[in-house]
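Examination of the molecular architecture
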Amino acid sequence: MPRAPFDWIDAESERRERAGLVRTLRPRAAGQDLLDLASNDYLGLTRHPAVTAGAAEAARRWGAGATGSRLVTGTTELHAELERELAEFCGFEAALVFSSGYAANLAALTALGPHGSLIVSDAGNHASIVDGCRLARARTEVVPHADPEAVRKALDAHGGPGLVVSDSVFSVDGDAAPLAQLAAVCREFGAALVVDDAHGLGVLGEGGRGALHAAGLAGAGDTVATVTLSKSLGSQGGAVLGPARVVRHLVNAARTFIFDTGLAPAAVGGALAALRLLRTEPELADRARAVAAELHARITAAGHLAVRPDAAVVSVRAPSPEAAVAWAADCRAAGLVVGCFRPPSVPDSISRIRLTARADLTERQIDMAVGAILRTAPTV
Ligand code: PMP
């Protein structure tokens, strides 16, 4: 009797269960009165009336879907407008919008890391970068986290064309990459620098122009940024920003651009409205960072371990995966939603609860959040 095709899943599920690593979906109920410190809505814009109106108007004007891939029918004037404004805001020559930040990373790495080249990737990089490296024809070398000297050695040993890729702000601990040093190493070897600014756009740099703008690297001929429209911009989608010739190359060579349906007009309209709010309300970025700093200060003052946040992500260490799950569940019972990070999503096997600061949190809400986190904490 041959084994049924999915029998192996049962063994894997049991192993996951034993390790306390089972994940389940929990649909959000509309109108549920929970304080959210788990989403990526860093500037609190996803429900901003101007953003929802931008999304609704775009859907009414252009339709619920993009109708086709970008090179066929899926590029509206609104897509072109978003690309122009996004590039200008962040200080790059050109931008190209994708259906997600994930797709943008796959595009940048596969199209800019050709056969014979070397991609040097930080060990803490996001899964979409890891997958982009896997799909690229280049060889990938993973280097220790935030270690420009290791990057230098890898490029030196390779000798040929290179591309260095890093998150600007790492999803797990919320720490920032040493961008200035990475750029200096890249220039020494004529390598390209690709930075995933998913957590930096809207939070870092003048008025939220991003980590590369803050580091004086935006618009450089050898530097490319990838972003998501789903965090600070409160919408959905992603983009690659860089020199015009890089963007023209992606239009012709990036498979996640060519073979994917264009981003839905509502997402484009929402992101565009949010981007315009960032221009008129530059203090939003400062506020998100200040809220993160306050959360970090108050939680570490109580004896918990957390890396000082460079942007809006605050991760607090938990003693075990089970403790992290229980901590997050107890917070929820106290009316607070926090993220829970545990293996295999964390490269160092350290479980954490993860808080994301939001620019629109009031002092009362911050008090409530800190109170719930400390009350439900495992003993330290
Ligand atoms: N890069 C990083 C660092 C991210 O945190 C995320 C989102 N979790 C992505 C890329 C993917 O972006 P998107 O959700 O738009 O696909």
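Bear in mind that the values here come from a model prediction, so they are computed numbers and not experimental data. (Residues numbered from 1 in each chain as written. Predicted model: local features only at pLDDT ≥ 70, side-chain atom pairs only at ≥ 80, totals over all residues.)

Moving on to the UniProt feature "domain: Aminotransferase class I/classII large" (unreviewed entry) in the chain. Residues annotated by UniProt as "domain: Aminotransferase class I/classII large" (unreviewed entry) correspond here to residues 33-373. Helix makes up 43% of residues 33-373 and strand 16%, whereas the separation of the span's terminal C-alpha atoms amounts to 17 Å. (UniProt positions renumbered as here; feature names shortened; annotations may be inferred. Helix = DSSP H or I, 4+ residues; strand = E, 2+ residues; numbered from the N terminus.)

Moving on: the domain arrangement of the chain. On domain assignment, one finds that the chain holds domain 1 (31-46 + 282-375) and domain 2 (49-280). Contact residues are listed per partner, giving 22 residues for domain 1 and 25 residues for domain 2. Among the elements of the structure, helix 12 (283-301) and strand 9 (313-317) are those that each provide at least two residues to the side of domain 1 that touches domain 2. Split by residue class, the side of domain 1 that touches domain 2 holds 16 nonpolar, three polar and three charged. (Domains from an automatic or database assignment. Contact = placed C-beta atoms within 7 Å. Nonpolar A, V, L, I, M, F, W, Y, C, P; charged D, E, K, R; others polar.)

Below, the discussion takes up unusual backbone geometry. Cis peptide bonds are those with omega within 30 degrees of zero, and the linkage from P343 to P344 qualifies with 5°. Relative to the helices and strands, P344 is located in the loop between strand 10 (336-341) and strand 11 (352-356). At T67, a residue that is not glycine, the phi angle is positive and equals roughly 75°. Among the secondary structure elements, T67 is positioned in the loop between helix 2 (49-62) and helix 3 (77-90). Here A146, not a glycine, exhibits a phi torsion of approximately 50°, which is positive. Looking at the element boundaries, A146 is found in the loop between strand 4 (139-143) and helix 6 (148-158). By the C-beta count within 10 Å, which is 19 here, A146 ends up partly exposed. (Buried ≥ 20, exposed ≤ 12 C-beta atoms within 10 Å, placed from the backbone.)

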